[in-house]
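The residues making up each chain are set out below.
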Amino acid sequence: MTSGMSMSGRAAIAGVGATAQGKLPGRTALDLGIEAFRHALDDAGLRKEDVDGLLTMPGTTSPEGSLHYLRFGEAVGINPRFTASLTMGGGTAGALVQMAALAVASGMASVVACVFGDTAKTGGVRFDRASGGEVPWSHWGMMGAAANSAVAADRHMHAYGTTSLQLAEVAVTCRYHASLNPNAVMREPITVEQHQESRWIVRPLRLLDCCLISDGGVCVIVTSVERARDMAKKPVAIAGMGQTYTAQTLEAEKWWYVPHQKQALADAFRMAGCGPRDIDVAQLYDNFTISVLLWLEHAGFCAEGEGGAFVEGGRIRLGGELPVNTAGGNLSESYMEGWLHVVEGVRQMRGECGPRQVKDAETCLVTGRGMALNCSNAMVLRTV
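Keep in mind that this is a model prediction, so the values were computed, not measured.

Conventions adopted
Residues numbered from 1 in each chain as written. Predicted model: local features only at pLDDT ≥ 70, side-chain atom pairs only at ≥ 80, totals over all residues. Heavy atoms only, no water. Pairing = 2+ DSSP bridges. Helix = DSSP H or I, 4+ residues; strand = E, 2+ residues; numbered from the N terminus. Axes fitted to C-alpha atoms, helices over the stretch in contact; angles between N-to-C directions. Contact = heavy atoms within 4.5 Å. Buried < 20%, exposed > 50% of the residue type's maximum accessible area, 1.4 Å probe, protein only. Polar contact = N/O pair within 3.5 Å; in protein donor to acceptor, adjacent residues only side chain to side chain. Phe/Tyr/Trp six-rings, centres within 6.5 Å; stacked < 30°, edge-to-face > 60°. Core = buried A, V, L, I, M, F, W, Y, C linked by side-chain atoms within 4.5 Å. UniProt positions renumbered as here; feature names shortened; annotations may be inferred. Salt bridge = Lys/Arg side-chain N within 4 Å of Asp/Glu carboxyl O.

Student: Can you help me understand the sheet that holds strand E2 (residues 53-57) in this one?
Tutor: Within a sheet, neighbouring strands are paired by backbone hydrogen bonds and run either parallel or antiparallel to one another. Read across the sheet, nine strands follow the order E3-E2-E4-E7-E1-E8-E11-E10-E9 without closing on themselves; strand pairing throughout is mixed. Across the chains shown, the open sheet's two edge strands, defined by having one partner strand only, are strand E3 (82-85) and strand E9 (281-283). Across this sheet, the average inter-strand angle for adjacent strands is 25 degrees, counted without regard to direction. In the sheet, strand E1 (residues 11-18) pairs with strand E8 (residues 236-245) via two bridges, with the strands oriented antiparallel. Within the sheet, the bridge partner assigned to Ile13 lies in E8 and is Val236. Its contacts with the sheet put helix H2 (residues 29-44) on E1, strand E4 (111-119) and strand E7 (215-224), and the angle it makes with E1 is roughly 125 degrees. Packing of helix H11 (residues 289-299) onto the sheet brings it into contact with strand E10 (363-370) and strand E11 (375-383), and relative to E10 it is tilted by some 120 degrees.

Student: When you look at the side chain of Thr173 in this model, what are you seeing that I'm missing?
Tutor: Relative to the assigned elements, Thr173 resides in helix H7 (residues 164-179). Look at Thr173 and you get buried, because its relative accessible area is 3%. A polar contact is formed between the side chain of Thr173 and the backbone oxygen of Glu169, at a distance of 2.7 Å. Non-local contacts of Thr173, meaning those with residues more than four positions away in its chain, are made with Ile316 and Arg317.

Student: Would you take a moment to explain the packing of aromatic side chains for this structure?
Tutor: In this description, a pair of aromatic rings is defined by centroid distance and the angle of the planes. Throughout the structure, instances matching the rule amount to three aromatic pairs. Pairing Phe37 with Phe72 gives two aromatic rings, centres 5.8 Å apart and planes at 85 degrees, and the pair type is edge-to-face. Here Phe37, found in helix H2, pairs with Phe72, found in helix H3 (residues 69-76); they are 35 residues apart in sequence, far enough to count as distant. In this structure, Phe37 and Phe72 share a single accessibility class: buried. Residues Trp256 and Tyr257 carry aromatic rings whose centres are separated by 5.4 Å and whose planes lie at 65 degrees to one another, so their mutual orientation is edge-to-face.

Student: Help me understand the nonpolar core, please; the structure alone is not making it clear to me.
Tutor: General note: in soluble globular proteins, nonpolar side chains tend to be found buried as a group. Within the largest apolar cluster, 46 residues are counted, with the highest numbers of intra-cluster contacts made by Val170, Leu284, Leu296, Phe301, Leu322, Leu365 and Val380. Mapped onto this core, the elements with two or more residues apiece are helix H6 (144-160), H7, helix H10 (261-272), H11 and E11. A total of seven residues in this core trace back to one element, the largest contributor, which is H11. Residue contacts for Leu365: discarding those within four places in its chain leaves Leu265, Phe269, Ile279, Val281, Ala282, Gln283, Leu284, Ala299, Phe301, Ala378, Met379 and Val380. Listed in part, the 42 residues of the second largest apolar core include Val97, Ala105, Phe116 and Met379.

Student: Looking at this structure, how should I read the UniProt feature "domain: Thiolase C-terminal" (unreviewed entry) in the protein chain?
Tutor: As recorded in UniProt, the feature "domain: Thiolase C-terminal" (unreviewed entry) lies at residues 246-382. Structurally, residues 246-382 comprises 31% helix and 14% strand, and the distance from its first C-alpha atom to its last is 28 Å.

Student: Sorry, what's going on with the pattern of salt bridges here?
Tutor: Between side chains of opposite charge, a pair can form as their charged atoms come close. Enumeration over the complete set of coordinates arrives at 14 salt bridges. Where Glu352 meets Lys233, a salt bridge forms, and the shortest distance between an N and an O atom there is 3.4 Å. Here Glu352, found in the loop between helix H14 (339-350) and E10, pairs with Lys233, found in the loop between helix H9 (225-228) and E8; they are 119 residues apart in sequence, far enough to count as distant. You can call Glu352 partly exposed: its relative accessible area is 35%. For the salt bridge of Glu304 with Lys262, the shortest nitrogen-to-oxygen distance reads 3.9 Å. Here Glu304 is found in the loop between H11 and helix H12 (307-310), whereas its partner Lys262 is found in helix H10, with 42 residues between them in sequence. We classify Lys262 as partly exposed; its relative accessible area is 35%. Overlapping salt bridges bring together Asp43, Lys233, Arg350 and Glu352 as one network.

Here it is in structure tokens:
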């Protein structure tokens, strides 16, 4: 069996591609995925014939499985020897990129394309269905992802004195970063006061605490570090990986704190041979502002309960101690369920981010989480 340490740095991200984001009438999940795939091939300097691995995430509005690997492979004209389709909400991007890295390291594939496309905005997806599986939580009035994270925010506030003003710091920072990103959906800066005046969605979360709903497509291409060195762009090594899952929810006393995320981060750090102090920039999955506080605590950037204080004073802004979500994140760039967090991490490591570039950045932490807070993953990306 391949050990965690021996896996470190064996695979690299060689190409990334993304379509326009936002409201894209007339587009389909399939054609957005195909466009992103082409952009990623161009980014890496590859042809479609070079791709022998295909991993896809069907979007929320993919009719008849249009982003299933069979349909996508047929549409682009490739016959992969390693393939799968997976849906784990915001945890899918990280899981598929890690699966691609494992395939490359084991020799099951040499070049793997990980693809996502969705038309949630024009398709009218509201993400307000009840969680809970066979026993829907709607019995308690708990509808959708916002309600799940509202419980986490409320408990964090009660236990640690976290405030809505501290959540506002996250929203304002992400919007500022998006203002420097020409591809972001929401580029108009916001203030703490505007955050506080935005309407309630599920108390204590306001509108500006919540992620966007977007159309778009994204592709990430993974290969070996050795092969990536000969491609068009500077390779970015996948230095550390970690995944954790839990089937326990309401029956677990601290379910709201998603403690299993700590293990995913610890595993990624261990594989990469580094810790939180070594991270130059972080792309932390931000379906809601409270999510960022929890990631900061779980990763060890601050102690449990100190996430609110940590984000104050510009600490997570460009130029601060730990720049977070430098493209704007799910809150302001676009809601691609975590896929664009990977893309921004790669671009930061390449030094391609222009006015939002973190100077001399060499390590990036990327995280993802999905479903009813059940799954999580983390990656440490590093320059080669």
